[in-house]
Every structure is written in structure tokens, then in C-alpha cells.
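Residue strings, one per chain:
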Amino acid sequence: MATKTNDYKSESIFQRRVRNFKKIKRAYYSLIIIVSLYLLSFLAPLLVNNKALAVHYNGSTYFPAIGDLFWESIPVQYHDASFFGQTAQGEANYRELKKQYAQENKGNWVVMPFYPYSPNEVLLGEVSQPPTKPDNKHWFGTDNRGRDVLARVVYGFQISITFALLLTFFSYLLGTIIGACLGYFGGKLDIFGMRFIEVFAFVPVMFLIMILSSFMKPSIIKLVALLTIFGGWISITYFIRGEYLREKSKEYTAAAIAMGASDFSIMFKHILPNALTPIITFAPFSIISNITALLSLDFLGFGLRPPTPSWGELINQGMGEDISFWWLIVTPLVMMFFTLLTITFIGEGVRQAFDPREYARLQ
Amino acid sequence: MKKELLLQVKNLKTYFHTESGLVKAVDDVSFDLYKGETLGIVGESGSGKSVSCLSAMRLIPMPPGEIAGGEIIYHDPEKGPIDLLKLSIDDMRKYRGNKISMIFQEPMTSLNPVFTCGYQVVEVIQLHQKVSAEEAKQRTLALFEEVKLPNPQRIFDAYPHQLSGGQKQRVMIAMAMACKPSILIADEPTTALDVTVQKTILELMNDLRHEVGMSVMFITHDLGVIAEVADRVLVMYKGKIVEQGSVLDIFNNPQHPYTKGLMACRPPLGKRLSKLPVVSDFMGFDAQGNMVTKINSVEDALKAVEISPEETSRRLMSLEQQAPILQVQNLKTYFPTEKNFFGKVTSWVKAVDDVSFDIKPGETLGLVGESGCGKTTLGRTILRLAPATEGKVIYDGKSIFDLDKQALKAMRRNMQIIFQDPYSSLNPRMTIGDAIIEPLKIHNILANDKQRLEKAADLLTTVSMSPDHLNRYPHEFSGGQRQRICIARALALEPKFIICDESVSALDVSVQAQVLNLLIELRQKYQFTYIFISHDLSVVKFMSDRMVVMNKGKIEEMGYADDVYNNPQQEYTKKLIAAIPEGRLEDIQKRMGRLGAGAN
């Protein structure tokens, strides 16, 4: 029907959907923004940190901040205050060091990151009576222990997204495997499996996590594991099982059996790519709900162990008898609002691009 | 008969804006519809026949569709001529279902499954006419009576899934007739039905038309059906009308090579052919894209490929002398329908009920019967794609049901199946190349994927497709092309035995002929043994050496294809044969004569 030119390029359904997605500008740019912000957040130790990027002292140059990159996977360069000629105890205070070197004028110098405060650095020596209001030094003020709010919010962003991505990934993995087995093999496995899931779905996840976390001291891995096992995978299982029930009756499955393909190859090579559409469309919304889950747990104090920088914990601090510490609430809320908005835009676009439903209607 | 103009389509242009550019589905089409006549519109899929009628109802999804120009003038007996394209949507609704109504191809999906059949007809009546609910019900029952539904009261209260396909199509017709429309558009109304049911529906439509005096636009890809119903015929090709005239003229003396191709490509019942003539035998395109006529007459084309009866009996003799390659012994496949409290099955559907036959190497056995007769289940049971309840299938001395997993996998190399639906039998996420090399990978044939892809390219050439299609995806091909790809995939393992399960039923007649020719060609080349399953007796007869007629899970009749056709023993077989629309000139003359007598 259609006239095809010679440079006609073949594309898979997935490629076509990606192309459709790119056409939806709002979603596409949202994706670019959130991905680049997330990637940028891994460089946060070079942008928001109280350690110096570079210190030149007595003819040699040191790079203390590098060590914080990638969760300190690069060997930490810890320098005592006395190492750089400071009089104080403990780790060097590079902001002070910079002032000191400038005064001494001996050819030593310090390059500080763009925003020279760390999320867990207690600034009791510098601020009086925390929490303090936003000023030109601490753009979004400090919290009740005298830690810089901006630094905490930036690191909190990375932790929130990482947590949500991990949780989504593992829920999807578990849900897909279980759903695929139930849907493909059917029969007794399906009947008993589904009954078990229905009972399991009634476990009150949040309460359970609160009880467990009161004596477990949850880390990000533990929390992801708990939430995966007790919640995330169930809805994915329903989706995938339904898709498998439908796809396994299609003739391409019969064709694969007739050519002698194994169950494993039919389940994961043939059917799986055809069964993914609903859960791909669901993924951005799943990430959103995971971000909010972490936020609520942190808010209630059952989330990640302090002093992990977290949005929920900041809001909790701000919710005193009155809201005179408004910056503790507004800053993380605004951050969360923009994160969730961007991801919602992405979700909308993904749904439009992946859902082959006709949006025009007959009149 | 005085001809009174009812609908004029003038220079209609309907375009679709698709991802691959502008598609001119209907390109400057003009035709007239007169009062009381049946206008047959024929052409292959994509020729624009449906779109031109849907444009008249303004049922084109916009976007991507667009009626880019033209007029559709309806001559309202009260208000005079009206251009339907210029009406507002609200005004258009008064015409839809009321003056112009429509029946669709799929009775399964065009009735709403959550309402009773009666309610759906009552709704249409009440939508367009101010009558009480009771009166609407009485009218509905009368309509059901009129479309010859058995027990109208029961059908009135029945839900669509409780009816057979033919009954549903009758309900659809009743619904379309509810407001005594002056035009009825029938879009392939019998394509999804068995031939026997098709025959009764066509008779019904002919009767109703004479009683009510409405005009019918009948859309189909099958000239045989046209011969049974139409007064005048439009032949459409690539969005344009290539030929129009009275049904007698068209069948007597077709002018356009495309029409000739359509007429010749239906498998004829009387003769035995070595291959079917196809449209491309009659017409082609030169380098400039102009049409070239090749063969001029349908008779010449048929004569060139006819096989003499002596040749046929020689082939049958030589097949007969061999030991059978496949034996089916007392095969039963039952599906449980009811179980008691303890899970014991209390009631069965006997899909295949005690069937025995055997096939010689190189032979083609045709399996024919109406839908639900168990022919597909039989094919699948033989391949162990459906569980057998009892009986034996012996292939090459080995009992297939007793094979363990490894032996079964090895056995699958020899036995392949080609399915009915070319749209669902290819995995939409795999490229054609991956799909074809997959069986080779599973059975570890050839050393690496590079060699396998070379073999896949060869296979594509074998099924007359271009080898550079290897990297494309199924959705980029038409139905006929996909069926070729499925055949290539089945050939990859170099099987000896192939089951074709309604492999051409989803295709247009013109494409069907091409695929049938390919299957015959492959049989000659590789000495395949086929089981050819179809509901269409003419196709089965064309393909097979022997024919098995199935009914309700049992074998009704079995014998040489020509014998079964020429000398059917069972009533059921006779009924099947009588239902085939053959498109014979005498039949049309008889029908038109009857019509003329009726008019006088």
C-alpha cells in the first residue's frame, strides 16, 4: 500500500515505540533532565562537599574530595588537620584552611567545591542556635543539628532515586519470574500460587517494615529487600501472569513448541518481550510510588539509619509545634515535587508511546 | 425495471496519513447506486473497497484518515439530494442506522457481548423511532422471524456468545434492517463463516432485498460470492475502480486483466490443475510503472495448467504402492467440560472421536469440514500440540505418543505445521531472520549463526521473497508474505511431513492462489507429505490426492479427491459441495432470470 523508498529502514516494535516516545517532547526532555541530574548526582562530591578539590601545600598537590566519589570506592584520602599545618584536632577543615593559606600567602592554595558543605557535617562552630534560616552562606539554611540543608537535599535526591530504581528493578525481576511461571505452566501451580499471593498481598507492608526496622537498623539494601519481598512484586506478577496466559495461546507459541523449543526459551525468549508492555508503561509510576514510600518511612523515623541524608527526615524536623522552621519543609517538598512531576511526564509519554491504543475515535 | 438513483459517489478521495507517508486508500472513485439493486464491490485487501463504503457512512477514523475530496449524494425520497459529507455529526446520526445501515465482517465482535441480542435490536429501533418498549420488542421478534432465526423468543433473551456465527450474523442483519433502511452496506459479511452458513446468509440477503426493496452494497474479495448476490459489479484495485458493469457482463466477458486474474485464481472444482493462474499471469508492470497485459483469456490460462485424468491416476497409482509414512489409529481427543466436586470429569467434548487413516509418503491428504468438526484438533493432536485421550499415531514405525522428551524433539524435525493466522504465528518481536534460524539453533544444525542466516536467505528465495528481508520485522509484511515466511520457517528443518492448518483461509483469494502454488511447487521439489486442513472444499480438492470429510469429530467420508467430489456418498458431503459459490455463468443467468420473473 504505502510506497516504500529504497533507503527504507527496518525497525522493531520497540524501536518504533522509542521513536514515538522521542516525538513526545515534554516526556523526552523530562527524561533527559532527570537522567542527567541523576548522573550528575554521582559527581556531587565534587560539587557539594566540605573537602577541598585540590590542596597545594609545601610543593605537593593533594585531591581530598576525589575519595568521596562513588560511595568512597576510590581509596579515601584522609588528612589530619595537622598534616596541612592546621592547629585543630581531627580532619582538616578545608574552608578554614583556604582562609589560612590566603592570609599566609606562602604559595599554598586550596580549591573548594562549588558549594563547600557536606550533608553530614555538623556546623555547630559556625552557626549559632540551629536550625538557622537561609542566608547567603547556607542557601536553604541548616537543620536542627546544624547541618546544611541544601547539601542534605542534594544527597537525598541521589539516595531516593537509587532506592526507587533498585526497588523497582528487584520487584520487576521477582514479579516477572513468578508471574511467568504461573501464567505459562498454569494448572495446579497457578491455582495454589495465586491463592498464596492473594493471602500474601494482605500483609500490611508498612506496619511490618516499621516493626522490623525498629530493631533491624535498616540500610538501603535491607529496606529494598524487605519492600521487594513484602510488596513490590505482587502487582507485577498479576500483570505478567495475565500477559502470559494470553500470549501462550497465540500461534507463535505453538509454532515454537512444534519446532522443539524448550520451555525456558519459549517463556523468556518468545513470550517475555511480548508481555513487557504493561509493566514498562507502569515503571515510571512504580518509581514514583517507591520514592514516596521511602519518604514516608523516613518521615515516620522508620527509614534509613541516621545520619543518612533524607527528605522525609528533614520534613519531620520541620513539623514542630509551629512551622517556624518552614525551610526544612519547603526545600525537600519542592525538590520532591519537581522530581515526581518530571517522572510523571515521562510516565505519561511512555504510556502514550507504548500503548498501541488508538486515541482518535470514530464520530 | 426503472432505475431510480439512490446514492451517488463522486470523485471520492480518502487518504490516510500513516508513519510511512500518505496512503491514498480511495483515489478518485465515482459510482452510482440505484434503488433496489445489489452492487457488488470486489478487490483484494487494501484495494479500498471497504474504505469507500465506510466513507459513505463517514466511519473513517480521523486522524489518521481524511476524506480529502468528493461528494456523496444521498437522494432522500422526501428531502431530495443531500451531500452526506457536508452534514454535521448530529445530522449524520439521523442517517446512520436509519437510512443507511451496515453489517460487518466479524459477527463475533460487532455485537456487544454484555447485552442480550434482543436488547441490542430494540435499542436501535428506539433510537430512531418513537415507539414504546413493548412495540419495539414485538418488532424485534418479527425481524428475527424475518431473518429466519429459529425460536425468536429464545434468541431475544440470549447473549451473543450463546449463538453460532451464522446466527449472530442474522441478528446483525436484523439489527441493520430494523429501521427499514434504503441502503444496506455489507462489509465482507460472510468471510468469517463456513461455506454452508455463507450460502444460507447469502440466500437470506437476496430474499430480504426483494421483500423490502432496499439497495445493498456488498463488499467481498471473492468473485464467487459476488456471482451469487450482485446485480452490478465494481472491481477495485489500488484505490481505483478498474472495471464496472452488470454481473453477467463481467463474468461473460471480463475486460480488465485484474478481473480476469481474480476469476481464474479461484480453485476450479471440475478440473484438476497443476497450478492456479494468478493475477500476475494476466498483468504486470513495466519499468515505467505502466500496466502490461500478458494473457488475454481466462480459458487459455486454465487450459495451460490443466492435468489430464490419466496423469492424475498415474500419480495416485505410484503413491498407492508405498508403505504408509503416518498411521492414525482410533485417535480420540476429548476435552473436559464439566467436573464434579471431586474433580472427576462428568462431561466431555469429543473433538476427535475415533478417527483412523493413513498417509503414503509424498501424498497430500485433505481434511475438510465445517468449523468445530475437529479437523484442527486432529492436526494438533498428531503433532502432540494437543493431548490425545486414546489411540495411536505411528510415524515411520514409531508411536508418537510414547516418545520421551529427547526423542520427541528429534521427531519434531520431521514434522512441521503451518498455521492459519499469519498475523499471530510469527513472534512480533523477532526479525524474520531470527525466526527462521531459530529451529536450526534449537536442533543445533550448522556450525554458527552466520551459516544459518545464509541458509535462511536461501529459504526466503525458495518461497520467492527477497533475501534482504532477513532483518525486518513481521509487522512490515502483508498477510500473504507472512504466510510465506511461516512456510520458510517450517522448511528450515527440512521436514518430510507438513500439516497445513487452514494455512490459506485468512488470505484473499488472489493471494491464496499464490500460496497454494508455492505449496504445490515445494511438494514437487522436496517430495513433502502434506495434511491439508481447510473448511473450503474447493481448496482441499485442488491440493489433495485423497480427501477426508469430517463432521462432529468423526470421519464422514474418505476417498480420492475427485471421487468424493464427483460422487459424494454422504448427505453431509453433498451439502458441503452444494454450498460452494462457484461463480458459474449458468447459475448467474438462472438467478437473474428468476429475478426478472419476480419483478414482472
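Placed above this text is the structure.
Along each chain, numbering runs from 1 in the same order as the chain's sequence is written. Written order determines the labels here, with chains lettered from A and ligands numbered from 1. Only residues with pLDDT of at least 70 get local features here, since the model is predicted, and only at 80 or more are side-chain atom pairs given and counted; chain-wide, interface and lining totals rely on the full set of residues. As a rule here, side-chain values cover all heavy atoms of the structure and leave hydrogens and water aside.

(A) Geometry of helix α18 (residues 449-462) of chain B. All names here are of chain B. A run of H or I in DSSP counts as a helix once it spans at least four residues, and a run of E counts as a strand once it spans at least two, with each numbered from the N terminus. One fewer than the residue count of a helix, multiplied by 1.5 Å, yields its expected span. The end-to-end C-alpha distance of α18 is 19 Å, a good match for the 20 Å that 14 residues give at a rise of 1.5 Å each. Among the residues of α18, R452, K455, A456, A457, L459, L460 and T462 are the ones counted as buried. Tucked into the core, α18 has its buried residues touching α17 (432-442), α19 (479-491) and α20 (509-526). The positive-phi residue at the C-terminal boundary of α18 is S464, with phi of around 50°. We call a residue buried when its accessible area falls under 20% of the maximum for its residue type, exposed when it is over 50%, and partly exposed in between, using a 1.4 Å probe and counting protein chains only. What makes two residues a contact is simply this: any of their non-hydrogen atoms within 4.5 Å.

(B) Layout of the sheet that holds strand β16 (residues 390-395) of chain B. All names here are of chain B. Strand pairing is defined by DSSP finding a minimum of two bridges between the two strands. The four strands are arranged β14-β13-β16-β17 in an open sheet whose pairing can be described as antiparallel. Only two strands of the sheet have a single neighbouring strand rather than two, namely β14 (345-359) and β17 (398-399). Strand direction decides the pairing type here: β16 and β17, joined by two bridges, are antiparallel. Residue Y395 lies in a different strand from β17, and its bridge partner there is K398.

(C) Structural view of a nonpolar patch on the surface. All names here are of chain A. Patch membership requires over 30% relative accessible area and the absence of a salt bridge. Like charges are linked within 9 Å, and nonpolar side chains (Val, Leu, Ile, Met, Phe, Trp, Tyr) within 5 Å. Areas reported here follow the Shrake-Rupley algorithm with a probe of radius 1.4 Å; residue values treat only the protein chains shown as occluding. Salt bridges, as used here, are contacts in which a Lys or Arg side-chain nitrogen is within 4 Å of a carboxyl oxygen on Asp or Glu. A grouping of Y29, I32, I33, L37, L40, L43, L47, F114, W139 and F140 is seen on the molecular surface, where their side chains present a nonpolar patch of about 950 Å² in accessible area. Within the secondary structure, Y29 is located in helix α2 (residues 25-41). Residue classification places Y29 among the partly exposed positions, given a relative accessible area of 45%.

(D) Seen up close, the pattern of salt bridges. Taken as a whole, this structure holds 36 salt bridges over all chains when the rule is applied. Between R272 of chain B and D562 of chain B there is a salt bridge; the shortest N-O distance is 3.2 Å. Here R272 of chain B, found in the loop between α11 (257-264) and α12 (279-282), pairs with D562 of chain B, found in helix α22 (residues 561-566); they are 290 residues apart in sequence, far enough to count as distant. A residue is classified by how much of its surface remains accessible, and D562 of chain B, at 22% relative accessible area, is partly exposed. Of the charged contacts, one joins E363 of chain B and R546 of chain B as a salt bridge, the two residues approaching to 2.5 Å between their closest N and O atoms. In this pair, E363 of chain B sits in the loop between β14 and β15 (364-368) while R546 of chain B sits in strand β21 (residues 546-551), placing the two residues 183 residues apart along the sequence. Within the structure, one salt-bridge network assembled from shared partners comprises D143, R147, R152 and E313 of chain A.

(E) How the structure looks around the interface of chain B and chain A. On the side of chain A, 34 residues touch chain B, which itself brings 42 residues to the contact. Summing the contributions of chain B and of chain A, the shared interface buries around 3200 Å²; its carbon and sulfur component is 54%. Note that K269 of chain A and E438 of chain B form a salt bridge whose closest N and O atoms lie 3.4 Å from each other. By the criterion applied in these results, polar contacts are pairs of N or O atoms within 3.5 Å in which, for protein atoms, one can donate a hydrogen and the other can accept it, and in which residues neighboring in sequence qualify only through two side-chain atoms. Applying the counting criterion to the chain B and chain A interface returns 12 residue pairs in polar contact (both at pLDDT 80 or more). By convention, the term buried area covers the 1.4 Å-probe accessible surface removed from two parts as they join, with the contributions of both added.

(F) Examining the side chain of R170 of chain B more closely. Within the element layout of this structure, R170 of chain B appears in helix α7 (residues 165-177). Counting rule for charge: Lys and Arg are taken as positive, Asp and Glu as negative, and neither His nor the chain ends is counted. E203 of chain B provides the closest opposite charge to the buried, unpaired R170 of chain B, separated from it by 7.0 Å.

(G) A look at the pairing of strand β13 (residues 326-339) of chain B. Residues and elements named next belong to chain B. The sheet contact formed by β13 and β16 spans five bridges and is antiparallel. Along β16, the bridge assignment pairs Q329 with K392. Pairing geometry for β13 and β14, over 10 bridges, is antiparallel. By the bridge assignment, F335 is partnered in β14 with V349. Where β13 hands over to β14, the hairpin turn is made up of five residues, of which G343 adopts a positive phi near 85°.

(H) Structural context of the pairing of β15 of chain B. All names here are of chain B. Counting buried residues in β15 gives five out of five residues, a clear majority hidden from the surface. The alternating pattern of β15 places T364, G366 and V368 and L365 and L367 on opposite faces, both of which are buried. Alignment of β15 against strand β20 (residues 529-534), held across five bridges, turns out to be parallel. Bridge pairing links V368 to S534 in β20. Here β15 runs beside β21; their pairing, made up of four bridges, is parallel. Among the inter-strand pairings, L367 is bridged to a residue of β21, identified as V548.

(I) Structural view of the packing of helix α12 (residues 277-300) of chain A against helix α13 (residues 311-318) of chain A. Residues and elements named next belong to chain A. Structural elements are reduced to axes, namely lines fitted to C-alpha atoms, with helices fitted over the stretch in contact, and the angle between N-to-C directions of any two is expressed from 0 to 180 degrees. The interhelical angle for the contact between α12 and α13, taken along N-to-C directions, is 40°, at an axis separation of 7 Å. Relative to α13, α12 is oriented oblique. Read as a crossing pair, α12 and α13 show a hand that is right-handed. Facing α12, whose interface residues are L295, D298 and F299, α13 presents W311, G312, E313, I315 and N316. The class makeup of the residues in the contact of α12 with α13 is four nonpolar, two polar and two charged. Throughout, the term roughly parallel applies to angles under 35 degrees, roughly antiparallel to angles over 145, roughly perpendicular to angles from 65 to 115, and oblique to all others. By definition, any crossing whose near helix is turned counterclockwise from its far helix by less than a right angle is left-handed, and any crossing with a clockwise turn is right-handed. Put simply, Ala, Val, Leu, Ile, Met, Phe, Trp, Tyr, Cys and Pro go in the nonpolar bin, Asp, Glu, Lys and Arg in the charged bin, and everything else, Gly too, in the polar bin.

(J) Focus on the side chain of S399 of chain B. Residue and element names in this part refer to chain B. With respect to the element layout, S399 can be found in strand β17. Here the side chain of S399 touches D402 through a polar contact of 3.2 Å, side chain to side chain. Residues within four places of S399 in sequence aside, it is in contact with K392, V393 and I394.

(K) Molecular detail of the packing of α2 of chain A against helix α6 (residues 149-185) of chain A. Residues and elements named next belong to chain A. One can describe the packing of α2 onto α6 by two numbers: an axis separation of 9 Å at closest approach and a directional angle of 115°. Accordingly, the angle class assigned to the pair α2 and α6 is roughly perpendicular. Crossing angle aside, the handedness with which α2 passes α6 is left-handed. Where α2 abuts α6, its residues L37, Y38 and S41 lie against F157, Q158, I161, T162 and L165. Considering only residue class, the contact of α2 with α6 consists of five nonpolar, three polar and no charged.

Keep in mind that these numbers describe shape and distance, not what the molecule does.
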